[in-house]
Amino acid sequence: MNSRPSDRIANYVADLPLDPGLRVLEIGCGPGVAAREVARRIGDGKVVAIDRSAKAIGIATQSSATEIEAGRLELRTVAIEHFALEDGEEPFDLAFAMRVGALDGRHPAAGKLAMVRLKAALKPDGLLFIDDREPIKGREIRT
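On a predicted model such as this, the values are computed, not experimentally measured, just so you know.

J.: What exactly am I supposed to notice about the packing of aromatic side chains here?
T.: This structure, assessed with the given rule, holds 2 aromatic pairs. Consider the rings of Tyr12 and Phe96, whose centres lie 6.0 Å apart with planes at 40°: the pair is tilted. Here Tyr12 is found in helix H1 (residues 7-15), whereas its partner Phe96 is found in strand S4 (residues 92-97), with 84 residues between them in sequence. Ring centres 6.3 Å apart and planes at 50° place the aromatic pair Phe83 and Phe92 in the tilted group. For Phe83, a relative accessible area of 2% puts it in the buried group. On the basis of relative accessible area, Phe92 is assigned to the buried category, the value being 0%. Lying over the aromatic face of Phe92, Arg23 brings its terminal NZ or CZ to 4.4 Å of the ring centre.

Encoded structure:
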């Protein structure tokens, strides 16, 4: 049931600086289309994809069995403003979000909380990509 990504998603993922072995966080993964594309491009790396919607995570889980079973994709039901690394979990090399209200300016209060969570989840040199903005290094995130 792996669907082909739209041109918008395919182009966005193609523009990310993805390398084998990276740890990547997708924020607002919806049905998981971008997460699967990223997982295919990072080899033995890992994608953790989150969404506030349990329904979206359910759909992504059904569509992503191959990537989940291979250990290249993990899905979690959580809003970015409540996200935290699990005990012993390594920080991320890269995080990205497309059309996520807490990060694109539609919900400023949630955005402030989200940035605190992202700063804690990214490596200092890790990169945050939000829609079409310039990337931000983890250590440069303003909280």
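J.: Can you walk me through the side chain of Arg36 in this structure?
T.: Within the secondary structure, Arg36 is located in helix H2 (residues 33-41). Although Arg36 is buried, it forms no salt bridge, and the closest oppositely charged side chain is Glu67 at an N-O distance of 5.0 Å.

Rules used throughout
- Residues numbered from 1 in each chain as written.
- Predicted model: local features only at pLDDT ≥ 70, side-chain atom pairs only at ≥ 80, totals over all residues.
- Heavy atoms only, no water.
- Phe/Tyr/Trp six-rings, centres within 6.5 Å; stacked < 30°, edge-to-face > 60°.
- Helix = DSSP H or I, 4+ residues; strand = E, 2+ residues; numbered from the N terminus.
- Buried < 20%, exposed > 50% of the residue type's maximum accessible area, 1.4 Å probe, protein only.
- Lys NZ or Arg CZ within 6 Å of the ring centre and 35° of its normal.
- Lys, Arg positive; Asp, Glu negative; His and termini not counted.
- Salt bridge = Lys/Arg side-chain N within 4 Å of Asp/Glu carboxyl O.

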